[in-house]
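Chain by chain, the residues:
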Amino acid sequence: RSRHKIMLALAFASIHAAPFLKIASAPPNTCAPNLSNSSYGQSHDPDEPCCCVTDARVKHDYDPSNPTYTCEPKQDPFGKPIFSMTHYYDGCRPSCAFSAHATRLVRTCEADGVTPYTPKDDDDNVCQGGTAATCQDQYPWIEDRVLYGFVAKHGDNVPCGQCYELTFTDARNIDSAIVMNTNGGDSSKNNMDLMVPGGGLGANTNGLTEYSGWGEFYDICPKDGSPSQCAVSGGLEDESLCDTIWGGADGDHKALQACHKVLFGVFGQLGCNQGAFPHNLHVATSKPVDCPQTLLDRAYGPVA
């Protein structure tokens, strides 16, 4: 089962660089649309370059003649990040829903993501032409500044059902996360791949064809990976696409909320006159914890 890797490079200034000067006002078109006027708590200072105002950045003097100015990461208060959190969503049956990988199986839904799955055979998977799919009530959410959700870890023999408490050096709008491992993948070793609508299909591009409320999805994210505003490895490149896909009367409004609040509200942004999918979060601390009942219910209980 393939999962995407997101690698983004930042240009680093010399440690002997001249002191930063006061930032001049940036022209109105400096910030990408996905960073402005968000009703979901994502905002920027209109007098500063957009990619330099998040907590993860140091502000550089703005040069109006050079809109591709760089941002330098702040000194990591926790030391070197131990691994990254990436993001994906393919709708496939999670590997922890197969008896070959787990003794307590994560529940699945029919191909619409809503109807409880009727057992057929153990190899049934919507991404391989079957019907077993991820249930839509397993989207991530935020409660009291804690992110809850489900992740894939590297490899096939992953610790199914294990929960982790994470802190980050650069997450926005949360203080920590508690996530459950329900899937395997090919993200870099030790990384965790958060399942969030719009997060990127990876190699499995067929799992969302019948998903309820996702009728506009493949218009924005082509199955063949052809150039679009949605990277196969990385996902949506503009927050407004959340509304395009799920904002209609028949759209999946829980996916809409997760796209805004988690994919674009928690993961960092690049902006600066270029579209870019939300980049990785750097994990500062990670420890195994007992799973909260709310995650256990969504992983193993009746479909909500």
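For the structure, see preceding data.
Here the structure is a predicted model, which is why all the values come from computation and not from measurement.

Rules used in this analysis
Residues numbered from 1 in each chain as written. Predicted model: local features only at pLDDT ≥ 70, side-chain atom pairs only at ≥ 80, totals over all residues. Heavy atoms only, no water. Disulfide = S-S within 2.5 Å. Helix = DSSP H or I, 4+ residues; strand = E, 2+ residues; numbered from the N terminus. Buried < 20%, exposed > 50% of the residue type's maximum accessible area, 1.4 Å probe, protein only. Phe/Tyr/Trp six-rings, centres within 6.5 Å; stacked < 30°, edge-to-face > 60°. Polar contact = N/O pair within 3.5 Å; in protein donor to acceptor, adjacent residues only side chain to side chain.

Colleague: It is not clear to me how the state of the cysteines should be interpreted in this structure. Could you clarify?
Modeller: A covalent bond between the sulfur atoms of two cysteines is what we call a disulfide. All chains considered together, the criterion is met by six disulfides. The residue that forms a disulfide with Cys96 is Cys160, at a sulfur-sulfur distance of 2.0 Å. Between Cys96 and Cys160, the disulfide has an S-S torsion of -85° and is therefore left-handed. Of this pair, Cys96 sits in the loop between strand 3 (83-88) and strand 4 (141-143) while Cys160 sits in the loop between strand 5 (146-154) and strand 6 (163-168), and the two are 64 residues apart along the sequence. Judged by relative accessible area, Cys160 falls into the partly exposed class, the value being 24%. Cys242 shares a disulfide with Cys259; S-S distance 2.0 Å.

Colleague: Please explain the packing of aromatic side chains as it appears in this structure.
Modeller: Aromatic ring pairs are reported here in terms of the distance separating the ring centres and the angle at which the planes meet. Summed over all chains, the structure comprises nine aromatic pairs. Ring centres of Tyr89 and Tyr139 lie 5.7 Å apart, and the angle between their planes is 65°; on these two criteria the pair is classed as edge-to-face. Placement of the pair is Tyr89 in the loop between strand 3 and strand 4 and Tyr139 in the loop between strand 3 and strand 4, with a sequence separation of 50 residues. Residues Trp214 and Trp246 carry aromatic rings whose centres are separated by 4.9 Å and whose planes lie at 70° to one another, so their mutual orientation is edge-to-face. One end of the pair, Trp214, is in the loop between strand 8 (192-195) and helix 1 (217-220); the other, Trp246, is in helix 2 (residues 240-246), with 32 residues separating them in the sequence.

Colleague: Hey, could you run me through helix 3 (residues 253-263) in this one?
Modeller: One turn of an α-helix holds 3.6 residues; hence residues three or four places apart share an orientation. Those residues of helix 3 not exposed but buried are Ala255, Leu256, Ala258, Cys259, His260, Val262 and Leu263. The residue sitting at the N-terminus of helix 3 and contributing the capping side-chain oxygen is Asp252; that oxygen lies 3.2 Å from the backbone nitrogen of Lys254.

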